[in-house]
Amino acid sequence: MATPLERWVEEQAKLTKPDKIYWCDGSEEEARRLIEIGMKEEKIGTTPVLEELNHKSWPNAYYHRSHPTDVARVEHLTFICHPNKDLTGPNNNWMDPAEAKAKMTQLSDGCMKGRTMYVMPYMMGHPSSPYAKACVQLTDISYVVLSMRIMARMGKEAIDRIGNSDKFVKGLHSIGDLDPNKRFIMHFPDELFVWSVGSGYGGNALLGKKCFSLRIASWLGCQEGWLAEHMVIAGIEDPQGQVSYVTIALPSACGKTNLAMLQSALPGYKVWTLGDDIAWLNVGADGRLYAINPEAGFFGVAPGTSMKTNPNMIRTLKGDKFLPTIFTNTALDTDNKEPWWEGMDGDTPRNLTDWQGKVWAPSKDTKGAHANSRFTVSMYNCPMLSKEFDNPQGVPISAIILGGRRTQLVPLVTEAFNWQNGVFLGARTGSETTAAAAHQVGTLRRDPMAMIPFCGYNMGEYFKHWLNIGKRLKHPPKIFCVNWFRTDDAGKFIWPGFGDNIRVLKWMIDRVNNKVSAQETALGYLPHIKDLDLNGLEISRDNIKKLFEVRPDDWKDELQDIKKFMEQFGGHMPDELRQEYRTLVAKLK
Ligand code: GTP
Ligand code: SPV
Ligand code: MN
């Protein structure tokens, strides 16, 4: 008798009509075979899917170029297909599930002809964790299998977990013909099903990541009493050896990976990495909030990564414990077969091709690496991986840090007065858009908890859910907001960022441990400058002042924008947050 899983795979094969069906076991031997297939058999256009890089300088590394129109998430082609439109909210594109299925069925009919259908069983979360979820994704390209193998825990455990149940997380992915007009990423939350056609790019194609672990999981979490968040998980060790765990939500390409792997500029402090993109948060029996990372790999932004900004990531990428590491859409040093990107250490190589494979030399007008070029690498290669990484219960969280990319207005760090005020602090966060999604870069939009592209249901209800979680916490984490990106009149970042961000993290931990007081402002608590450890930092008094300046007049447009954002949610917006808004307006008068 076929299991529900086998029957489901059969059905999808009937529609997509692959030449072959292959069940992945997640082994290293399998990875080697897939690399061969990626280099010799499968192509995108006329380009092989994978190219081998120099294994002396970049152990086990391979290079991938995606289709030039397929280099970022596509929010306008991403839909939540729930029977109840109101439940998906104004923060999502909505399509009627029946209509979506009809459309996708048409696009998927025979889409795997001449190709192999790979069946990937995988766990999001460590298999021994009670919070882990068993999933299966189908795809028709080796690149996605190799990437998923890094990002998730692939193998038989997931099949054993699923057993005879039909309640497993399903993903159907095909690159189709990579025509942007036939590209859709459809979510069916109540069926735990994601259907994606026409893209091979990370967030659109690695369906365990944003599609399941955030969009669908956020909705699951709302029903089951937990939170799925776009957050770093990190342990901050102080000079006495005490480790405090924090989570950090920043929008795409706003510094999560860098913060997760931060190399401290302050002596005696260390940051231990547990996750750089997604956290699942559960209320523990002791009334504390616990975080697990459902992922097992980094899918990180390449440009800007160097020994100066993020030495631990360079060490991770140069590690060779886990096979393989993949670079996508970086430039290529053709003499040495090495990946290259803007901001890399050392001299610019002489013979480069750009991310599209064209001969390229540095110029003001074009970039060698795509701004959203990325690497995919196992977390187990990370030298600062926390020993708690595989802890099935997760780690207890002392502080939640929220933030965005704001060149003006928003202070370096603000502490919320309490949980409710912190939820409002998150809800009113705005951020300037980045190249992680296909849209204009640098426009301000509201991005509460860095979840605007990823909250799979009505965000008003999401805020209510956050408030309810707070009520269940006996020891709620403190909530903070950060902004590393304030600029001076010349447009230069005022705050040095990266390893120096530890100075801000230290202040937060000091606040958690009641070691320092703070100044109360309309926005929340701000540090007394004397409590910030600025030792060894060259930054003028004026600039420090500027990082904490709160001028009520400057907030007028911001308050209007926040109001407009909140009003979209009508009756779904919790009264508590309306009250918080009124209080903020009054205080800023
Ligand atoms: P996603 O993977 O898209 O979710 O992004 P992320 O939030 O992990 O962002 P990441 O750490 O990859 O950083 C994105 C860009 O911001 C890179 O180009 C970094 O060099 C830059 N960046 C990161 N941290 C800082 C910082 O503290 N200050 C400044 N000025 N830039 C930073
Ligand atoms: C992001 O865009 O927030 C990413 C990359 O982390 S993706 O997996 O494409 O979503
Ligand atoms: Mn992300």
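What counts and what doesn't
- Residues numbered from 1 in each chain as written.
- Chains lettered and ligands numbered in written order.
- Predicted model: local features only at pLDDT ≥ 70, side-chain atom pairs only at ≥ 80, totals over all residues.
- Heavy atoms only, no water.
- Helix = DSSP H or I, 4+ residues; strand = E, 2+ residues; numbered from the N terminus.
- Rg over C-alpha atoms; globule rule 2.2 N^0.38 Å.
- Buried < 20%, exposed > 50% of the residue type's maximum accessible area, 1.4 Å probe, protein only.
- Contact = heavy atoms within 4.5 Å.
- Areas by Shrake-Rupley, 256 points an atom, 1.4 Å probe, with all protein chains shown as cover.
- Lys, Arg positive; Asp, Glu negative; His and termini not counted.
- Charge placed at Lys NZ, Arg CZ, Asp CG, Glu CD.
- Domains from an automatic or database assignment.
- Buried area = accessible area lost by both parts, 1.4 Å probe.
- Salt bridge = Lys/Arg side-chain N within 4 Å of Asp/Glu carboxyl O.
- Polar contact = N/O pair within 3.5 Å; in protein donor to acceptor, adjacent residues only side chain to side chain.
- Nonpolar A, V, L, I, M, F, W, Y, C, P; charged D, E, K, R; others polar.
- Near = heavy atom within 4 Å.
- Pairing = 2+ DSSP bridges.
- Axes fitted to C-alpha atoms, helices over the stretch in contact; angles between N-to-C directions.

1. Quick look at the overall build of the protein
Helices and strands together make up the secondary structure of the protein, namely 16 helices and 33 strands. Here the protein has a C-alpha radius of gyration of 23 Å; the compact-globule value for 589 residues is 25 Å, and the two agree. When its C-alpha atoms are laid out on the principal axes, the protein stretches across 65 × 55 × 45 Å. Counting over 589 residues, the protein shows a buried share of 62%. Long-range pairs, those at least 24 residues apart, make up 72% of the contacts in the protein with a sequence separation of at least 6. Surface exposure of the protein reaches about 22700 Å², of which carbon and sulfur atoms provide 49%. Put simply, the protein has 70 plus and 69 minus side-chain charges, and the middle of one group is 2 Å from the middle of the other.

2. So, the domain arrangement of the protein
Taken domain by domain, the protein consists of domain 1 (4-47 + 72-225), domain 2 (229-296 + 388-588) and domain 3 (298-381). Just the C-alpha atoms count here: the centres of domain 1 and domain 3 sit 27 Å apart. Counting residues at the interface gives 16 residues for domain 1 and 13 residues for domain 3. Taken together, both faces of the contact between domain 1 and domain 3 bury some 1200 Å²; the carbon and sulfur share is 68%. The largest contributions to the domain 1 side of the interface with domain 3 come from Tyr-143, Ile-150 and Tyr-201, which together make up 43% of the buried area. Applying the counting criterion to the domain 1 and domain 3 interface returns 0 salt bridges. Applying the counting rule to domain 1 against domain 3 returns 5 residue pairs in polar contact (both at pLDDT 80 or more). Broken down by secondary-structure element, the contributors of at least two residues to the side of domain 1 that touches domain 3 are helix H2 (28-40), helix H5 (142-151) and helix H7 (202-205). With 6 residues, H5 is the single largest residue contributor to the side of domain 1 that touches domain 3. Of the residues belonging to the side of domain 1 that touches domain 3, the class tally is 8 nonpolar, 3 polar and 5 charged.

3. Here we look at the site of ligand 2
Neighbouring ligand 2 are 13 residues, the closest being Arg-73, Tyr-201, Gly-203, Lys-210 and Ser-252. Arg-73 places a polar side-chain atom, nitrogen or oxygen, 2.9 Å from an oxygen atom of ligand 2. Interatomic distance of 2.8 Å between a backbone N/O atom of Gly-203 and an oxygen atom of ligand 2. Contact with the protein chains covers 98% of the free accessible surface of ligand 2, which is 280 Å². Contributing elements (two or more residues each) for the shell around ligand 2: H7 and helix H8 (208-224).

4. Considerations on the sheet that holds strand S4 (residues 51-52)
Taking strand neighbours across the sheet as the criterion, the 5 strands line up as S4-S5-S21-S26-S20 in an open arrangement whose pairing is mixed. Of all the strands in the sheet, just S4 and strand S20 (297-301) have a single pairing partner and so form its edges. Inspection of the sheet shows strand S21 (residues 325-328) paired to strand S26 (residues 374-378) by 3 bridges, in the antiparallel sense. The residue of S26 that forms the bridge with Thr-328 is Arg-374. Along the sheet face, helix H10 (residues 311-318) touches S20, S21 and S26 and points at about 70° away from the line of S26.

5. Remarks on the site of ligand 1
Near ligand 1 you find 22 residues, and of these Ala-253, Lys-256, Thr-257, Asn-258 and Arg-374 are the closest. At 2.8 Å, a side-chain N or O of Asn-258 approaches an oxygen atom of ligand 1. At a separation of 3.2 Å, an oxygen atom of ligand 1 approaches a polar backbone atom of Pro-303. Across the complex, the protein chains shield 91% of the 660 Å² of accessible surface that ligand 1 would expose by itself. Those elements giving two or more residues to the shell around ligand 1 turn out to be helix H9 (256-260) and S20. Here the element with the most residues in the shell around ligand 1 is H9; it accounts for 3 residues. Looking at the shell around ligand 1 residue by residue, the classes come out as 10 nonpolar, 8 polar and 4 charged. Counting contributing residues, the shell around ligand 1 receives three or more from each of domain 2 (229-296 + 388-588) and domain 3 (298-381).

6. Notes on the sheet that holds strand S25 (residues 359-360)
Within the open sheet, the 4 strands sit side by side as S23-S22-S24-S25. Their pairing is antiparallel. Strands with a single pairing partner mark the edges of an open sheet, and in this sheet they are strand S23 (338-340) and S25. As paired elements, strand S22 (residues 331-333) and strand S24 (residues 352-353) share 2 bridges and run antiparallel to each other. Bridging across to S24, Asp-333 finds its partner in Leu-352.

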